[in-house]
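Coordinate inspection notes
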Amino acid sequence: MSATLSPAPRPDAPAPRPGALAIDIYVPGKSKAPAGVPLRKLSSNETPFGPSPKAVEAFRAAAADLEIYPDGGARALREAIARAHGLDPARIVCGAGSDELLSLLAHAYVGPGDEGLFTEHGFLVYRIAILAAGGTPVVAPETNLTADVDAILARVTDRTRIVYLANPNNPTGTYLPFDEVKRLQAGLPRDALLVLDAAYAEYVRANDYAAGIELVSSCENVVMTRTFSKVFGLASLRIGWLYGPAGVVDALNRIRGPFNVSGPAIAAGAAAIADRAHIDRAVAHNARWLAELTEGIQALGLTVTPSVANFLLIHFPDEPGRRAADADAFLTQRGLILRAVGAYGLPNALRLSIGSEDANRAVLAALGEFAKDRQLG
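Residues numbered from 1 in each chain as written. Predicted model: local features only at pLDDT ≥ 70, side-chain atom pairs only at ≥ 80, totals over all residues. Heavy atoms only, no water.

As recorded in an unreviewed UniProt entry, the protein goes by Histidinol-phosphate aminotransferase and comes from Hansschlegelia beijingensis. Recorded in UniProt under Cofactor (unreviewed entry), the annotation for the protein is "pyridoxal 5'-phosphate". Word for word, the UniProt comment on the protein under Catalytic activity (unreviewed entry) is "L-histidinol phosphate + 2-oxoglutarate = 3-(imidazol-4-yl)-2-oxopropyl phosphate + L-glutamate". (UniProt positions renumbered as here; feature names shortened; annotations may be inferred.)

Here's the deal with the sheet that holds strand E9 (residues 303–305)
Each strand in a sheet pairs with another by means of backbone hydrogen bonds, the pair being arranged parallel or else antiparallel. The four strands lie next to each other as E9-E10-E13-E12, forming an open sheet whose pairing is antiparallel. Unpaired on one side and paired on the other, E9 and strand E12 (339–340) mark the two borders of the sheet. Of the strand pairs in this sheet, E9 and strand E10 (residues 311–315) are connected by three bridges, and their pairing is antiparallel. Counterpart to Thr303 in the pairing with E10 is His315. Sheet strands touched by helix H10 (residues 276–298): E9, E10 and strand E13 (349–353). Its angle to E10, the strand with the most contacts, is close to 10°. (Pairing = 2+ DSSP bridges. Helix = DSSP H or I, 4+ residues; strand = E, 2+ residues; numbered from the N terminus. Contact = heavy atoms within 4.5 Å. Axes fitted to C-alpha atoms, helices over the stretch in contact; angles between N-to-C directions.)

Quick look at the nonpolar core
Counting 60 residues, the largest nonpolar core has Phe228 and Trp241 as its most contacted members. Counting residues per element, this core draws most heavily on helix H9 (residues 263–274), at six residues. A domain-level breakdown of this core finds at least three residues from each of domain 1 (33–49 + 277–373) and domain 2 (53–275). Residues in contact with Trp241, not counting those within four places in the same chain, are Ile81, His85, Leu87, Ile92, Val93, Cys94, Leu101, Met224, Thr225, Arg226 and Phe228. Ranked by size, the runner-up nonpolar core spans 30 residues in total, among them Val93, Tyr126, Val195 and Leu346. (Core = buried A, V, L, I, M, F, W, Y, C linked by side-chain atoms within 4.5 Å. Buried < 20%, exposed > 50% of the residue type's maximum accessible area, 1.4 Å probe, protein only. Domains from an automatic or database assignment.)

Remarks on the UniProt feature "domain: Aminotransferase class I/classII large" (unreviewed entry) in the protein
Under the feature "domain: Aminotransferase class I/classII large" (unreviewed entry), the UniProt entry names residues 41–366. Strand forms 17% of residues 41–366 and helix 40%; the C-alpha atoms that close the span are 14 Å apart.

Side note on the environment of Asp179
Position of Asp179 among the secondary structure elements: in helix H6 (residues 178–187). When its relative accessible area of 55% is taken as the criterion, Asp179 is described as exposed. Between the alpha carbons of Asp179 and Asn310 there is a distance of 23 Å; along the sequence they are 131 residues apart.

Topic: the UniProt feature "modified residue: N6-(pyridoxal phosphate)lysine" (unreviewed entry) in the protein
Following the UniProt record, one finds the feature "modified residue: N6-(pyridoxal phosphate)lysine" (unreviewed entry) at Lys230. With respect to the helices and strands, Lys230 occurs in the loop between strand E7 (222–227) and strand E8 (240–243). A relative accessible area of 15% means that Lys230 is categorised as buried. Once residues lying within four places of it in the same chain are set aside, the contact partners of Lys230 are Ser44, Asn45, Thr47, Ala199, Tyr200 and Tyr203.

Some thoughts on the pairing of strand E3 (residues 115–119)
Counting buried positions along E3 yields five of five residues, so the element is predominantly enclosed. Both E3 and strand E4 (residues 136–140) contribute to a ladder of five bridges, which runs parallel. Considered in E4, the bridge of Thr119 is made with Ala140. As for the winding sense of the linkage, the β-α-β connection from E3 through helix H4 (residues 124–132) to E4 is right-handed. (Right-handed = clockwise from strand over helix to strand, strands pointing away.)

Thoughts on the domain arrangement of the protein
Taken as a whole, the protein is organised into domain 1 (33–49 + 277–373) and domain 2 (53–275). Distance from the C-alpha centre of domain 1 to the C-alpha centre of domain 2: 26 Å. Contacts between domain 1 and domain 2 engage 26 residues on the former and 27 residues on the latter. When the two sides are added together, the surface that domain 1 and domain 2 hide from each other amounts to roughly 2200 Å², 66% of it contributed by carbon and sulfur. If you sort the residues of domain 1 by the area they bury against domain 2, Ile279, Val308 and Tyr344 come out on top, with a joint share of 32%. Across the contact surface, domain 1 and domain 2 share zero salt bridges. The interface formed by domain 1 and domain 2 includes eight residue pairs in polar contact (both at pLDDT 80 or more). The element contributing the most residues to the side of domain 1 that touches domain 2 is H10, with eight residues. By residue class, the composition of the side of domain 1 that touches domain 2 is 15 nonpolar, 10 polar and one charged. (Buried area = accessible area lost by both parts, 1.4 Å probe. Salt bridge = Lys/Arg side-chain N within 4 Å of Asp/Glu carboxyl O. Polar contact = N/O pair within 3.5 Å; in protein donor to acceptor, adjacent residues only side chain to side chain. Nonpolar A, V, L, I, M, F, W, Y, C, P; charged D, E, K, R; others polar.)

Concerning the packing of aromatic side chains
Summed over the entire model, instances satisfying the criterion amount to nine aromatic pairs. For the ring pair Tyr200 and Phe311, a centre distance of 5.1 Å and an interplane angle of 75° mean the geometry is edge-to-face. Of this pair, Tyr200 sits in the loop between strand E6 (193–197) and helix H7 (213–218) while Phe311 sits in strand E10; the two residues are 111 residues apart in sequence, bridging distant segments of the chain. Judged by its relative accessible area of 4%, Tyr200 is buried. Here the aromatic rings of Phe316 and Phe370 are separated by 6.1 Å at their centres, their planes lie at 80°, and the arrangement is edge-to-face. Residue Phe316 is found in the loop between E10 and helix H11 (324–332), and its partner Phe370 is found in helix H12 (residues 357–373); the two are separated by 54 residues along the sequence. The exposure class assigned to Phe316 is buried, which follows from its relative accessible area of 7%. Taken together, the ring pairs in this structure connect Phe118, Phe123, Tyr126 and Tyr164 into an aromatic cluster. The ring of Phe330 has Arg334 sitting right over it, with the charged end atom 3.6 Å from the ring centre. Cation over ring: Arg351 sits above Phe311, and NZ or CZ is 5.7 Å from the ring centre. (Phe/Tyr/Trp six-rings, centres within 6.5 Å; stacked < 30°, edge-to-face > 60°. Lys NZ or Arg CZ within 6 Å of the ring centre and 35° of its normal.)

Structure representation (structure tokens):
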């Protein structure tokens, strides 16, 4: 008789899937100032104008029905988005922020043995999403802090299933012209999904930029994600949306939560996207201060990466007392909270969100004081 093999001993506790513990926990920007110091938070790319009053009114009205489940398909929100952009609402998926949609895309298209690709200073959520899905992250180097199409294509293999491109990119503020995005799509295998993360698209005024709607409309392997957290001022409600091919939309609707967008969020988002005057005011303010702050900070002897978004990446000398960490501490003591970006591989830079006129003038004055004390000019 053959011997009976004993079963392998089971672990003493549940173990997460491979890759889960390789994820670095996402750390948001700081939001506190020293006690007694007025706070000016410029670390999270939030709009200084807040949400549209019409969105606030819709949110408050929705509070009367909190005991009722929301529409699982977020139809009113999808139709409002479709009207604003001239899209088919059936090809739109809404989510709890674009973060959820970026993760759902990885869960739908990436698995063990597959690769997901993003650029050197791309949004941290891409790596998290790929690892959480069991895939392998692959990083393409950038050129002058800008995505490089040839570098991305050089790292595509037969295991590449998804390519994330933040356009404009966070935290650099740089972007790829639409012709380059089209060249990227043309060079990818047809079974590799190109995800165009256009969270900051509303702010871009460059003539050669496009968020990706045209490419999605003509290609089966391209999706575009957007958010209500930036120019619409609804970050706390967590609303994102995606426009994609019918097949991608079908897959996401099968795996997303059945009520992944709350009723108040649906109501507020639909009202916000219809308030064109509020959006235009925020975009005009951003354009003015993006230029003024860039010029003013460069005049202090600091390097600023040219940006088309609602933030600036400021570079500091790699010298004791002059480093980004020194500037961060100096500004924090004055209640000015910027974003350290060491986690993005930029240890000697700070990201400055465009704030109110008062906050912008305050941070420019404080940086001037820092530069004078450190003789940066």
